[in-house]
Each structure stands twice: as structure tokens, then as C-alpha cells.
Amino acid sequence: MADDGLLVNFDIPTDAFTINHTTFKGGHWKDRLTAKKAAAYGRQKAAGIVNFQASDRGESDLRPAKRQKQSEGNHVASNSLKREVISSLFTYNPVSSTKPVEKPSNGEEVPIEPSNAPEADVLSSFTGLGLSTTLASHLQRKLNIKAPTAIQRKAIQQLCADDTDAFLQAETGSGKTLAYLLPIVNRIMQISKQMKAAGQNFTRESGLFAIILAPTRELSKQISTVLESLLSCCPWVITSTVIGGEKKKSEKARLRKGLNILVATPGRLADHVNSTDVLDLGKVRWLVLDEGDRLMELGFEKDLQRIIGALNMRARKALEPPIAGLPEKRTTVLCSATLKADVEQLQSIALKQPVSIAVGADEAAGNTDVASQVQAFSAPAQLRQGYAIVPAKQRLVTLVALLKQTFKRKGSVMKSIVFIDAADSVDFHFEVLTRGASQPTLSENVANPAVNTKGSEFRNTKPSIPQGQTIAESHTEGRGTFSGKDNEVRVFRLHGSLHQATRTSTLKAFSDCAQPAVLMATDVFSRGLDVPNIDLVIEYDPPASKDDHLHRIGRTARAGKDGRAMVFLTPGCEEGYINILKEGRPRTLTRHEADELLKKGFSPATGIVSAKSWAEAATEWQLDVERWALEHPKHLEQARRAYQSHVRAYATHVSAERGIFDMQQLHLGHLAKAFALRDKPANIGVPGQRPGKSTTKARPRAASATVKRSRTDDDADTGAAVDEADAKRKMREKMRAMGGVSEFNLG
Ligand SMILES: Nc1ncnc2c1ncn2[C@@H]1O[C@H](COP(=O)(O)OP(=O)(O)OP(=O)(O)O)[C@@H](O)[C@H]1O
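Residues numbered from 1 in each chain as written. Predicted model: local features only at pLDDT ≥ 70, side-chain atom pairs only at ≥ 80, totals over all residues. Heavy atoms only, no water.

An unreviewed UniProt entry lists the protein chain under the name ATP-dependent RNA helicase, from Baudoinia panamericana. What UniProt records for the protein chain under Function (unreviewed entry) is the sentence "RNA helicase." Recorded in UniProt under Subcellular location (unreviewed entry), the annotation for the protein chain is "Nucleus, Nucleolus". (UniProt positions renumbered as here; feature names shortened; annotations may be inferred.)

Listed below in C-alpha cells is the structure:
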């Protein structure tokens, strides 16, 4: 620790560094001598000194020694001649403005009835709802799906019998995909039967009958996989995808061969509508807009208009010869867990007098009005929510403490997702959490899936990089440095700036990983993705909107399973977010303090044998990361980029929440420490941008935002509506404001 000039674990009077000679009393003589020497050294070097107590002292004892003024010439980075700031994790942190109102947990968890589980009622068998016995028994035998969920019961009944447009809204993880796919497959199977009865042959060339649109390629692929598993009971019905990421020529070839159900991203389909003559939309009778509100947020409105316009135009032409059993009109279904903001706009583009098929609190109360029903949404009841009040400086170290604690015991938690607001920041945190550990490459894992499940067997052979990938890109998996003693944890990273092949294989590797794993990801993976065994969602950066919050935490507690979620908030105005969390009416909302998490994560029992206290261990870990960043220019640059991207992203919270996530209240100096930076905020430049992108992605604003960035399927990362210039301006203002008195302008 000498190189940091820090003195830890000594009880030093608060004025120890403001007088010339300090008398140290009590304790062992050796400790007194070391403290004396260190104090003298500290005076000479004018170092930042931490005043930690033994771990058994109370929180109030942890108050800081007076911060030492830093004199010129000290903490000078040898290469840049810029002044370094080494601040303590435990000093000058703002104090929480809210009092815990929730009862402290006594450790016992009361069971909560899941709200998105399949119904136990025997009456709600699939055949009773209108599905054919072939499809129902296929569900039971091959897919192990025995009873429908509430939304499936309602949707199957409605969509099997009627051709009215519909809003489909239910909690995350409630089985909405099957809720719209099952009636469509059932009806297409009926058409094939009726065609046969009428002497017609049902083939892949009979026509394209259904289109499902989803905002991202990952989600489209997932839907396509579920659809394929359903269609294995009627292999004559053919499905395919057009989602980009491959040559348009091969997509065209597939369209030319003929297919009956198409899963697509809007941008790519709109492209084919314009340029692919063989794409015949005249027989399309079902159109599903999955994550409909997200499609609008991402700026796909024009693409949707083009697709729907083409569908309307071609539907007017009479079919020659007519197809037996084909409905007269098209049914459009709009589906999401949150259909609030864009519902009217979407309705005007896509739907005619829709019915609402919803499952939620208001629906249960008998509210049948479409407009008000679509505003009612909440998280699954069994999802245990929480928030952690963490000062900006302690964010990184608290995240690690939480992960250490979470994965301390084998089998307690299988998988976790950590949501981070910008691609650069995901990259940086991935490096921090896997630093020093051997880094198997994705290509190795993909090439040898058997190895993937046994972390200890990863070999360091020369990777074969998939075409179009850089070596840096292929490195998306590593061993978590926070792994438990007997519980190795794999860490993955994902964001929209990665090459598509990397995104696909990393998601698959995370999904298939049989050992505990953490995925660090941007919001591109918050919608719709269904990865088994996610037990914990950590919103390390708060979401850009409350809708995003519901989708993020909805990656856990799916189909009746348990799950936990925690959002990090800094003390001060961000605590206003607690009220927003309460709006979702969570059954449990537990408050956590940073000290409590640090204590659990960094107590000596977690394997840091040399540590005398959790505070010392936490400080050692933090300083180690800071040194690591300083010693490696690549990582330092990464940290700086991550920091700036985070600040930019912070400016893009929806306008209704900007009072809570207030740029003016953001302490840039403290924040820098959470990115392992010792620079003064004003000195943190961005040395070059992400190759191939003008800037790191920031998050989307609400649909009501006036500035929208048009997006393509290739670029569907964290959303549209990024007012980059506005964010930069705010940051500059903030930097200027920070030029006054601050912890980092001393000396
Ligand atoms: N009837 C059922 N019985 C058991 N499991 C089911 C049933 N229906 C769906 N599931 C499972 O529930 C999980 C969640 O389904 P799905 O992804 O369709 O949820 P969703 O409502 O679309 O969620 P989101 O809003 O997050 O997109 C999937 O793993 C699916 O296989």
C-alpha cells in the first residue's frame, strides 16, 4: 500500500494531519511506531490518508479524518504529469436523505404466490381453450408445458375464435410468446386441414400467412426457436427469419423458396418489402408486433408504416385461387409487458378497434377500458425487489462485494445479470471483474462446448477468431475475480457494439453455461430475452425509464420461478426513485446500505486472509484496481471512456425522472473513483472514440422525447432518442461547475 501513500486500520485523531507532531496512544507499540512513521511519510508525501477503524467499531466511528490538502508535486502520474487524486472510499460521502421505512428483514422469507405461473386449474387445459389435440399433446409431451398461464388462457380463447385486433399485455415472464404463437399455429394447421379437404396441397409455397416483428435480432431468434419447437408437430408448416446480420441475397433465396410464418426485425423486413419482388404479402393474415412499445421507441415507426402500408395494399387484391379456411381479414396483435407510452400512436398505425387481452391488477379489478388497462403494469408478485443506497465513490467496490456475497456458496445463485448504461462501461467493468484471471476465448468455448461447462479446464490455446471479429471482440467471457472459494463464476459481456456473431455466440454461451455466471449487459438485452435460471438482476446503473426497469428485472422470476432484483441508487436526489419503485406495487422492497453490503462481501470470511477489517479489504481492493488502471494505458483509456459514456448516458433519463437523476447533483469527482480513476474530472479526456461508431451508445428517452435518432436493426443497442449534443453540453456545464471548490481541486 505504500505506493498509494495510504494508512489504513489505525485509529488516528481527526486532526492528525493538520498538526506537525502527533502523539499516538494506546495499542501495541509496533502499531504506534508504524502509525507515526506513516504519518510522517504522509506529511512528506502529502498523501490522502484513510482513517479506518477495526471492524468491530460502529459506523459513526468510520467518519473521516479531515481531508488532507494535497500539495503540488505529490501523486503525480509519472507519464502524464497530471495530478492524481487518491481519495478515501469512506470520507466525504453524502448522507442518505431517506429513512428506511421498511421493516428490517429477520432473514426469513415469507413465500409469495407467483403471479405469472401456469394455472393449476385442470379446467384450463389447452384443448378446452380451442387448441387441437395434436398441438396440445405436443406441448405436453415434447415441450413439457401442461397448463396455460393466465394470459395464454385468455389469448388462446380470443385469437382462436375471433379475428379482431388485440393488445396483449401481461407481466414479464408470463408466456406471452406462446400466447400469440399457439393460436396462429393452430389456425394455420386448421387451414392446412381445410385445404387438404378441398383437394388443395399445403406446402411452403402455399403462402406467407403470418409475420412476427421484434425489435432486436436476439429476440427474433428466440421467438423463431420457440416457433420451430411448436412446428415440429406439423413439419409441413415452414418458418424462417429475416433479421439482418447475413447477406440479403441468402435471405432473398429463403423467401424465394417459400415459407408460411416469418419472424423479422422491422428494418430488414421493410428493406425486403421495397426490394424483394418474391415477397408476397397478399396472404398475410396475422401480424404480431412483439415488444410493440419498444419498436416505437427505437424509431421503427417509418419501417412499420411501410410494412403495414404494403400489407394493406396487397390484401385488397382478391386471391386466385382462394385458399380454403383463410380468414377474410388480417388480425394484428400488439404485445408487451408495458404498452403505455406509444399505445395511441401504434393504434393509429396498426390496429383497428382492438380488444384488450390483459392480465394484471386492474384487469383483475374488472377494469375493461383498453386505454386505462394498458397503463396498469407491475412486476411479477414473487419477484423480491430491493435497492441499495451506495455513495458514488463506493459503487464499484460495492458491486464487487455484492457479487462476492451472492456467489459465496455453491448452488445458492446460478446466474445474474448486471445492467450497465453504456457499451464502453460494460467493457470496462468486464475487464475489472475478470482482470488477472485466465481468459478463455469465446471461439474456444464455442468450438468445444464441453469445456465451456468446466471453467477449470479452459485452455490457453491460440483462438480462431470468427470472420469479421477482432481479437478484442472475441474476448467476451472470463473467470470472475469475485468467484467463491469453491464456486467459480464465469463472467460474460454483451452490448450492441459487438459484432453480431459475437453477440449471438456469447448469449448462447451464457444461456448454456452450466456453472454460475454473470452477464454484464446494456439494455439491448433487457427486452423479452428468456434465459433460464437467472436468479438475480442488478441494475448497477438505474434504468432510463420505469418501463425499462420492469423489463430489466423481468429477466428473473419467470413462469412462476423465484427471483431477486436490486437497483443501485446514490444518496440524495436519486433516492426519489424509491417512490417510483413503489408505484410498481412490489410485494417486497428491501433497502440495503453500502456498508452492510461491503461488510458482507469483504469480511475476512470471504477469503481475504490478510484483511484486518472489511473496510480495509474493500480499500485494498479499490486501490488495487486503481493501480491496475494506472499501470495499463489500455485500461486507463477504457476507464476514462467508460466514465464519460456513463455521464453522457446519465443525461438521457426520461424527462419525468430527470429531477431524480439530476446532472447538477452528480458528483463527478466521486464518480471517477467508481471508474478507478485518480484524475480530476476536468482532466478526463476521451482519447479517441469507439472504432466504427461515432460515440458510445446512450440510452433511449421516452417516446415523448422530441429528439429521436433513427435506428437500424444493425444498430439496435440501447435505444433511440439520444440527444448527444444536449448530454455533452450538460456535462460541460457540470465540469465547469466542478471547477469551483471540490474535493478534487485542493492543493
Ligand atoms: N404454460 C407454460 N407452462 C410452463 N412454462 C411456460 C408456459 N408458457 C411459457 N412458459 C415459459 O415461460 C418462460 C417465459 O415465457 P415468455 O418468454 O413467452 O414470457 P413473456 O411474457 O414474453 O416475457 P417478456 O415480457 O419478458 O418478454 C419461457 O421460458 C417459457 O418457456
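More follows now that the structure is in view.
**Regarding the pattern of salt bridges**
Counted under the stated rule, the structure contains 27 salt bridges. Between Asp523 and Arg552 there is a salt bridge whose closest N-O contact spans 2.7 Å. With Asp523 in the loop between strand 12 (517-521) and strand 13 (534-539) and Arg552 in helix 20 (residues 546-553), this pair connects stretches of sequence that are 29 residues apart. Here Asp523 and Arg552 have matching classes, each one buried. (Salt bridge = Lys/Arg side-chain N within 4 Å of Asp/Glu carboxyl O. Helix = DSSP H or I, 4+ residues; strand = E, 2+ residues; numbered from the N terminus. Buried < 20%, exposed > 50% of the residue type's maximum accessible area, 1.4 Å probe, protein only.)

**Re the packing of aromatic side chains**
Under the counting rule described, the total for this entry stands at nine aromatic pairs. Measuring from ring centre to ring centre gives 5.4 Å for Tyr540 and Phe568, while their planes differ by 65 degrees; the resulting arrangement is edge-to-face. Placement of Tyr540 in the loop between strand 13 and helix 20 and of Phe568 in strand 14 (residues 563-569) is noted, with a sequence separation of 28 residues between them. A relative accessible area of 1% places Tyr540 in the buried class. With a centroid separation of 5.8 Å and 85 degrees between ring planes, the pair formed by Tyr643 and Phe675 is classed as edge-to-face. (Phe/Tyr/Trp six-rings, centres within 6.5 Å; stacked < 30°, edge-to-face > 60°.)

**Points about the sheet that holds strand 4 (residues 261-264)**
Pairing in this open sheet of seven strands is parallel, and the strands run 3-4-2-5-6-1-7 from one edge to the other. Since the sheet does not close on itself, it has two edges, and those belong to strand 3 (239-242) and strand 7 (355-358), each with one partner. Each strand axis lies, on average, 15 degrees off the axis of its neighbour in the sheet, ignoring direction. Sheet topology note: the strand 3/strand 4 ladder contains four bridges and is parallel. Among the inter-strand pairings, Thr239 is bridged to a residue of strand 4, identified as Ile261. Packing of helix 5 (residues 176-197) onto the sheet brings it into contact with strand 1 (166-169), strand 2 (210-213), strand 4, strand 5 (286-290) and strand 6 (331-336), and relative to strand 5 it is tilted by some 170 degrees. (Pairing = 2+ DSSP bridges. Axes fitted to C-alpha atoms, helices over the stretch in contact; angles between N-to-C directions. Contact = heavy atoms within 4.5 Å.)

**Here's the deal with the pairing of strand 13**
Residues in a regular strand point their side chains to alternate faces of the sheet. Among the six residues that make up strand 13, five are buried, leaving the element largely enclosed by the rest of the structure. Strand direction decides the pairing type here: strand 9 (residues 415-419) and strand 13, joined by five bridges, are parallel. Residue Ile417 lies in a different strand from strand 13, and its bridge partner there is Val537. The pairing of strand 13 with strand 14 spans four bridges and is parallel. Its bridge partner lying in strand 14, Leu536 is registered against Arg564. Once the chain exits strand 13 it traverses helix 20 before rejoining the sheet at strand 14, and the crossover so formed is right-handed. (Right-handed = clockwise from strand over helix to strand, strands pointing away.)

**A few points about the packing of helix 4 (residues 150-161) against helix 5**
The contact between helix 4 and helix 5 brings their axes to 9 Å, and the two run at 30 degrees. What the angle tells us is that helix 4 and helix 5 run roughly parallel. The way helix 4 lies across helix 5 gives a crossing that is right-handed. The segment helix 4 lies against helix 5, with Ile151, Gln152, Ala155, Ile156, Leu159 and Cys160 engaging Lys176, Leu178, Ala179, Tyr180, Leu182, Pro183, Asn186 and Arg187. (Parallel < 35°, antiparallel > 145°, perpendicular 65-115°, else oblique. Left-handed = near helix turned anticlockwise from the far one by under 90°.)

**A few points about the site of the ligand**
Around the ligand sit 20 residues, and of these Ala147, Gln152, Lys176, Thr177 and Asp530 come closest. Note that a nitrogen atom of the ligand is positioned 2.8 Å from one of the backbone N or O atoms of Ala147. Gly175 is positioned such that a nitrogen or oxygen atom in its backbone is 3.1 Å from an oxygen atom of the ligand. Starting from 640 Å² of accessible surface for the ligand in isolation, the protein chains cover 83%. Considering every element that reaches the shell around the ligand, the biggest residue donor is helix 5, with three residues. Its residues placed into classes, the shell around the ligand shows six nonpolar, eight polar and six charged. Lining the shell around the ligand are residues from two domains, each supplying at least three of them: domain 1 (150-373) and domain 2 (383-440 + 459-683). (Near = heavy atom within 4 Å. Polar contact = N/O pair within 3.5 Å; in protein donor to acceptor, adjacent residues only side chain to side chain. Areas by Shrake-Rupley, 256 points an atom, 1.4 Å probe, with all protein chains shown as cover. Nonpolar A, V, L, I, M, F, W, Y, C, P; charged D, E, K, R; others polar. Domains from an automatic or database assignment.)

**Some thoughts on the side chain of Ser174**
Locating Ser174 in the fold gives a position in the loop between strand 1 and helix 5. Setting aside residues no more than four positions away along its own chain, Ser174 makes contact with Asn116, Thr149, Ile151 and Gln152.

**Describing the packing of helix 3 (residues 133-142) against helix 5**
Where helix 3 contacts helix 5, the axes come no closer than 10 Å and their chain directions differ by 135 degrees. With respect to their mutual orientation, helix 3 and helix 5 come out oblique. Packed against helix 3, whose contacting residues are Thr134, Leu135 and Leu139, the element helix 5 presents Leu182, Val185, Asn186 and Met189 at the interface. Counted by class, the contact of helix 3 with helix 5 contains five nonpolar, two polar and no charged residues.

**A short note on the environment of Thr265**
Here Thr265 shows up in the loop between strand 4 and helix 8 (266-275). Between the C-alpha atoms of Thr265 and Val242, which are 23 residues apart in sequence, the distance is 6.9 Å.

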